[in-house]
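# Residue-level structural notes
Single-letter residue listing:
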Amino acid sequence: MTRNLKLSVGLVAVAVVAVVVALLAGGDGPAAAPAADRDDRLVRADSQVLSQGDSDTTFVEFLDFECEACRAAHPAIEALREMYGDRVTFVVRNFPLHENSEGAAQAAEAAAAQGEFEAMYNLLFETQPEWGEKSSSQRDVFFGFAEDLGLDMDEFEAVYDADETIELIRRDKADGMELGVEATPSFFLDGEQLQPSSFEELTAQIDAALAA
């Protein structure tokens, strides 16, 4: 087991507790989308794919880059990708809930246009304590990250500010709400929403999906 994987397993308990608390706090929430709509709402043609597996099993995370529970879960998701990334497809969807969440998602989508979604995705979580929970816009911070990643800044700005980018992010959130998402992070495995109580339970669910 690598050092990073050990760290991920250790941190996942924090993330799982945060997710469970958030889900319980949400009450009954909106009704889930009809079965016929779920596949389309879970993964869109332009959704960000972190890992493309060789099976039909798909793991979808609705996340908020400014969410502390999402940051806590991030090492665990990376551990899952290390374990299953060649077999399971891992997809990221936006579900912004905080002051600068949408701006962070815009930065990630603008980086994706240059093939650097994963780099920005990791950087946003790594630096979240520096820019998160701020009442003022963190646009300059996000543009600084783009420069650090060596992105074409004219292209980055154009995509960041594009109406289409903002519409994509808001559509992601609308899809999540239709699927019953109320808090982040929220996980789906092959169309079914998960509420794991431990990392071991989560891996067992993935193993079962792969064996089905």
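Residues numbered from 1 in each chain as written. Predicted model: local features only at pLDDT ≥ 70, side-chain atom pairs only at ≥ 80, totals over all residues. Heavy atoms only, no water.

### Topic: the packing of aromatic side chains
The final tally for this structure, using the stated rule, is 13 aromatic pairs. Aromatic side chains Phe-142 and Phe-145 sit 6.4 Å apart centroid to centroid with 50 degrees between the ring planes, which places their arrangement in the tilted category. Of this pair, Phe-142 and Phe-145 both sit in helix H7 (residues 139-148), 3 residues apart, which is roughly one turn of that helix. No difference in accessibility class separates Phe-142 from Phe-145, as the two residues are buried. (Phe/Tyr/Trp six-rings, centres within 6.5 Å; stacked < 30°, edge-to-face > 60°. Helix = DSSP H or I, 4+ residues; strand = E, 2+ residues; numbered from the N terminus. Buried < 20%, exposed > 50% of the residue type's maximum accessible area, 1.4 Å probe, protein only.)

### Considering the pairing of strand E2 (residues 58-63)
In terms of burial, E2 is a largely internal element, 5 of the 6 residues being buried. Two elements, E2 and strand E3 (residues 89-94), share 6 bridges in a ladder whose sense is parallel. Bridged to Phe-59 within E3 is Phe-90. Taken together, E2, helix H3 (residues 68-84) and E3 constitute a β-α-β crossover, and its handedness is right-handed. As paired strands, E2 and strand E4 (residues 186-189) are joined by 4 bridges and run antiparallel to one another. (Pairing = 2+ DSSP bridges. Right-handed = clockwise from strand over helix to strand, strands pointing away.)

### Focus on the pattern of salt bridges
According to the stated counting rule, one finds 12 salt bridges in the structure shown. Here Arg-41 makes a salt bridge to Asp-175, at a shortest N to O gap of 3.1 Å. With Arg-41 in helix H2 (residues 35-42) and Asp-175 in helix H9 (residues 163-178), this residue pair connects regions lying 134 residues apart in the sequence. Judged by its relative accessible area of 21%, Arg-41 falls in the partly exposed class. According to the relative accessible area criterion, Asp-175 is buried, its value standing at 1%. Between Arg-139 and Asp-161 there is a salt bridge whose closest N-O contact spans 2.8 Å. Remark: Asp-161 occurs in helix H8 (residues 153-161) and Arg-139 occurs in helix H7; sequence separation between them is 22 residues. The class of Arg-139 is partly exposed, set by a relative accessible area of 26%. (Salt bridge = Lys/Arg side-chain N within 4 Å of Asp/Glu carboxyl O.)

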